[in-house]
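Coordinate inspection notes
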Amino acid sequence: MRRQLLMVTVLLSAFAAGQTNESRYHVILENDSVRVYSLDLPPRFHAPSFQNAHDVVWVALSDTILNFVQRDKGPLEADLRAGDARFFRSFATERVTNQSSTPFRGVVIEL
């Protein structure tokens, strides 16, 4: 009985985890100088920003509108076109949300 209860709990947890509107970063390059991540962010989804001692450059690979929640300055809406870049100092942003109706594809470079 305990084993069955545990299985049901695990399955429900996995289902609930799949229901979140949060996306994840995927490492595509890492060395002593930089880390480069890809990010696919569906419409209305969000992702946490890096909270570390490194500056970050966001490069859009698709057209979209992102909303960056900044730590001290409030929200920043960025209407990005493919190839546009935004620079943020360390600890400047807390979260990014795709405000558009199209998926965002981008690269995040941690310096």
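Here we summarise the structure given alongside this text. (Residues numbered from 1 in each chain as written. Predicted model: local features only at pLDDT ≥ 70, side-chain atom pairs only at ≥ 80, totals over all residues. Heavy atoms only, no water.)

Comments concerning the pattern of salt bridges
Scanning the entire structure with this criterion turns up 6 salt bridges. A salt bridge links R35 to E30, with the nearest nitrogen and oxygen atoms 2.9 Å apart. Look at R35 and you get partly exposed, because its relative accessible area is 32%. Put simply, R71 and E94 hold a salt bridge, and the shortest N to O gap is 3.9 Å. Within this pair, whereas R71 is found in the loop between β5 (64–70) and β6 (74–80), its partner E94 is found in strand β8 (residues 93–98), the two being separated by 23 residues in sequence. Exposure remark for R71: the relative accessible area of 40% places this residue in the partly exposed category. Given a relative accessible area of 36%, E94 falls into the partly exposed group. (Salt bridge = Lys/Arg side-chain N within 4 Å of Asp/Glu carboxyl O. Buried < 20%, exposed > 50% of the residue type's maximum accessible area, 1.4 Å probe, protein only. Helix = DSSP H or I, 4+ residues; strand = E, 2+ residues; numbered from the N terminus.)

With respect to the pairing of strand β4 (residues 56–60)
Counting buried residues along β4, 4 of its 5 residues qualify, which places the element largely inside the surrounding structure. As defined by bridge partners, β4 adjoins strand β7 (residues 85–88) across 4 bridges and the pair is classed as antiparallel. If you follow V56 over to β7, its bridge partner there is F88. (Pairing = 2+ DSSP bridges.)

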